[in-house]
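# Coordinate inspection notes
In case you want the letters, here they are:
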Amino acid sequence: MFIRRYLLEKGEAYIHETWMAFARALKEAGIEWWGTYTSFRRYFYMLERLGLIWFVRSEPGLKPELQPRRYYAVVPEFADLIEAWVRPQVVLYPETVWGRKDYSKKVEEARKEGITIRELTLRERPELAALRARLRIY
């Protein structure tokens, strides 16, 4: 949700800029650990795969040896699709909804039915199937 809010406020931003703003916000809230930059980048990857954000433009890094800055913005038609913003990993990979404890049971259940765990999950969680359809993820 921070990424969504930040991109909506700024219009567009690059990943490192957003991560630094996130770190500052957490520090101001008294939270000292906020995860790694790599895990934060992974959220951008998932949000882009879901179509919630899109690549807008790129500009050279501050130094020639640095990667170019890639700017992203919120896709307007999905800005209010809160369910996808809150749990992008589950929307992108529905089978992760089961968690470690139940995942193995669901894999076995799907195998017995001759379907994939993703097919089983989307059948048992129609709200996820509907959300993925709205995002055009098949």
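Conventions and cut-offs
- Residues numbered from 1 in each chain as written.
- Predicted model: local features only at pLDDT ≥ 70, side-chain atom pairs only at ≥ 80, totals over all residues.
- Heavy atoms only, no water.
- Axes fitted to C-alpha atoms, helices over the stretch in contact; angles between N-to-C directions.
- Helix = DSSP H or I, 4+ residues; strand = E, 2+ residues; numbered from the N terminus.
- Left-handed = near helix turned anticlockwise from the far one by under 90°.
- Contact = heavy atoms within 4.5 Å.
- 1 Å grid on protein atoms, 1.4 Å probe; cavity = no way out; pocket = protein on both sides within 12 Å on 5 of 7 lines; lining within 4 Å.
- Points joined across faces, edges and corners; volume = space filled by probe spheres on them.
- Nonpolar A, V, L, I, M, F, W, Y, C, P; charged D, E, K, R; others polar.
- Pairing = 2+ DSSP bridges.
- pLDDT = per-residue confidence, 0-100.
- Buried < 20%, exposed > 50% of the residue type's maximum accessible area, 1.4 Å probe, protein only.
- Core = buried A, V, L, I, M, F, W, Y, C linked by side-chain atoms within 4.5 Å.
- Patch = residues over 30% accessible without salt bridge, like charges linked within 9 Å, V, L, I, M, F, W, Y side chains within 5 Å.
- Areas by Shrake-Rupley, 256 points an atom, 1.4 Å probe, with all protein chains shown as cover.
- Salt bridge = Lys/Arg side-chain N within 4 Å of Asp/Glu carboxyl O.
- Parallel < 35°, antiparallel > 145°, perpendicular 65-115°, else oblique.

## Some details on the packing of helix H2 (residues 15-28) against helix H3 (residues 37-50)
Running from N to C, H2 and H3 cross one another at 120°; their axes reach a closest spacing of 10 Å. Classified by chirality, the crossing of H3 by H2 is right-handed. For the pair H2 and H3, contact is made by Ile 15, His 16, Thr 18, Trp 19 and Phe 22 and by Tyr 37, Phe 40, Arg 41 and Phe 44, respectively.

## Section: the layout of surface pockets
If you add up the space inside the largest pocket, you get close to 410 Å³. Around the largest pocket sit 16 residues that line it, and Tyr 37, Arg 41, Pro 68, Arg 69 and Arg 70 are the ones nearest its centre. Elements with a minimum of two residues in the lining of the largest pocket: H2, H3 and strand S3 (69-74). Broken down by element, the lining of the largest pocket gets its largest block of residues, five residues, from H3. The class makeup of the residues in the lining of the largest pocket is nine nonpolar, three polar and four charged. Of the volumes computed, that of the second largest pocket is approximately 290 Å³. Along its surface, the second largest pocket is lined by 16 residues, and Met 1, Ile 3, Tyr 43, Trp 85 and Pro 88 are the ones closest to its centre. Put simply, the parts of the chain that give the lining of the second largest pocket at least two residues each are helix H1 (2-10), H3, helix H4 (82-86) and helix H5 (88-92).

## Side note on the sheet that holds S3
Spatially, the three strands line up as an open sheet ordered S1-S3-S2, and their pairing is antiparallel. Strands with a single pairing partner mark the edges of an open sheet, and in this sheet they are strand S1 (13-14) and strand S2 (53-59). The pairing of S2 with S3 spans six bridges and is classified as antiparallel. Pairing of Arg 57 across the sheet is with Tyr 71, part of S3. Its contacts with the sheet put H1 on S1, S2 and S3, and the angle it makes with S3 is roughly 95°.

## Observations concerning the confidence of the model for the protein
On average, residues of the protein score 93 in pLDDT, and 100% of them reach the 70 mark or higher. Between the elements of the protein, mean pLDDT differs from a low of 93, seen in H2, to a high of 97, seen in H1.

## Describing H1
Taken as a whole, H1 has its buried residues at Phe 2, Ile 3, Arg 4, Tyr 6 and Leu 7. Turning to H1, the residues buried within the fold contact S1, H2, H3, S2, S3 and H4. Once H1 finishes, Gly 11 follows within two positions and takes phi at roughly 90°, a positive value.

## Observations concerning the nonpolar core
A general trend in soluble globular proteins is that nonpolar side chains are found buried together. Phe 44, Leu 52 and Leu 135 are the most contacted members of the largest nonpolar core, which totals 35 residues. Residue assignment for this core shows that the elements contributing at least two residues are H1, H2, H3, S3, H4, H5 and helix H8 (126-134). Setting aside anything within four residues of it in sequence, one finds Phe 44 in contact with Ile 3, Leu 7, Ile 15, Thr 18, Ile 53 and Tyr 72.

## Quick notes on a nonpolar patch on the surface
On the surface, a nonpolar cluster with roughly 220 Å² of combined accessible area is contributed by Met 1, Ile 82 and Val 86. If you trace the backbone, Met 1 turns up in the segment before H1. Exposure remark for Met 1: the relative accessible area of 36% places this residue in the partly exposed category.

## Section: the packing of helix H7 (residues 117-124) against H8
In contact at an axis separation of 5 Å, H7 and H8 are set at 100° when each is read in the N-to-C sense. Classed by the angle they form, the pair H7 and H8 counts as roughly perpendicular. Contacts between H7 and H8 pair Arg 118, Thr 121, Leu 122, Arg 123 and Glu 124 from the former with Pro 126, Leu 128, Ala 129 and Arg 132 from the latter. Residues belonging to the contact of H7 with H8 are distributed by class as follows: four nonpolar, one polar and four charged.

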